[in-house]
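# Summary of structural features
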Amino acid sequence: MLCICWQTSERTLDAPDLLDDFYLNLLDWGSSNVLAIALGSTVYLWDASDGSTSELVTVDEEHGPVTSVNWAPDGRHIAIGLNNSEVQLWDSASNKQLRTLKGGHRCRVGSLAWNDNILTTGGMDGRIINNDVRVRDHIVETYRGHTQEVCGLKWSASGKQLASGGNDNLVHIWDRSTQYLHRLEDHTSAVKALAWCPFQSNLLASGGGGGDRTIKFWNTHTGACLNSVDTGSQVCALLWNKNERELLSSHGFTQNQLTLWKYPSMVKTAELTGHTSRVLFLAQSPDGCTVASAAGDETLRFWNVFGDPNEAAKKSAPKKNQEPFAWANRIR
């Protein structure tokens, strides 16, 4: 008989002023084990290794609020998308702004994705732009295929394929040329949730909004839809387990839960409950064990869903016996 495990979060922090906006991307966990979250017009950083917290930037009212955050692969530099169509690049170690990317978009930038030195940005104007952050004339490619806001962007691990999802219900698969490889039209609502499979390079999972409620799996070489699963609620975010064949999804109305699925059977193995509003954003720790979720209820929750963090800790250098994020119970 199928047994579904019901789990609660390990820790809950208040996150006041977190925007309850499905189309934004306001949470990211970098390779240096620092979590970034945008609350209104301010980006905060939390170092999971020592529990320290800092404010990276509060943008001016005419520029904000912050509409997206994404760490560069080095875990030191971070891109911040703004409501006024600009993107700021920051060095988190020196707490200095490096540059502002302008001129690419006409509206807010709600999605970001790094591919080495290329920062890909997606806007409410439907444009997707590759920005080479090393050069003055940073716009190097522009993708045109979406007619509404681009709310999901993910590069494959190889950096050879880009997946985009939009409020026009479309998923596109692109290469570095400006012509899409596949235009995937099976979803019936906005697509923000995108996740490349870590153990099969040409496998992409996508999730549809409230009018769709499905998770779909795609062969990105052929464009074929391999499976479609009705989850019963809005799909806000997707994360693969890095070590096991599992997929985690976060949801909106009606249960506002996180669901853990076995792949490829898509049998539910766990329901993670506690949020009282839609779970808009997910981020995964570098060791792959812990997932952070942020929801419209203005809380940030941490879940040991993908493994035993104690086992992961044994493999790392000895540290003080202190819980991650024990520095506070409220984000200010």
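Residues numbered from 1 in each chain as written. Predicted model: local features only at pLDDT ≥ 70, side-chain atom pairs only at ≥ 80, totals over all residues. Heavy atoms only, no water.

## Side note on the state of the cysteines
- Taken as a whole and judged by the stated rule, the model has 0 disulfides.
- Between Cys 107, a free cysteine, and Cys 151, which holds the nearest cysteine sulfur, the sulfur-to-sulfur gap is 14 Å.
- Considering cysteine sulfurs only, Cys 151 is the nearest to Cys 236, which forms no disulfide, with 11 Å between them.
- The exposure class assigned to Cys 236 is buried, which follows from its relative accessible area of 1%. (Disulfide = S-S within 2.5 Å. Buried < 20%, exposed > 50% of the residue type's maximum accessible area, 1.4 Å probe, protein only.)

## Points about the UniProt feature "repeat: WD" (unreviewed entry) in the protein
- The feature "repeat: WD" (unreviewed entry), as annotated in UniProt, sits at residues 59–100, 143–175 and 272–305 in this numbering.
- Split by type, residues 59–100 is 0% helix and 52% strand. Its first and last C-alpha atoms lie 12 Å apart.
- For the annotated span residues 143–175, helix accounts for 0% and strand for 52% of the residues, and the straight-line distance between the end C-alpha atoms is 10 Å. (UniProt positions renumbered as here; feature names shortened; annotations may be inferred. Helix = DSSP H or I, 4+ residues; strand = E, 2+ residues; numbered from the N terminus.)

## Details of the pairing of strand E14 (residues 139–144)
- Here strand E13 (residues 127–132) pairs with E14 via 5 bridges, running antiparallel. Residue pairing for E14: Ile 128 is matched across the bridge by Tyr 143.
- Here E13 hands over to E14 after 6 residues, the two strands then running antiparallel side by side. (Pairing = 2+ DSSP bridges.)

## Description of the side chain of Ser 293
- Within the element layout of this structure, Ser 293 appears in strand E28 (residues 291–295).
- Within the structure, the side chain of Ser 293 is placed 2.7 Å from the side chain of Trp 303, a separation counted as a polar contact.
- In contact with Ser 293, other than residues within four places in its own chain, are Leu 27, Leu 258, His 275, Val 279, Phe 281, Leu 282, Thr 299, Leu 300, Arg 301 and Trp 303. (Polar contact = N/O pair within 3.5 Å; in protein donor to acceptor, adjacent residues only side chain to side chain. Contact = heavy atoms within 4.5 Å.)

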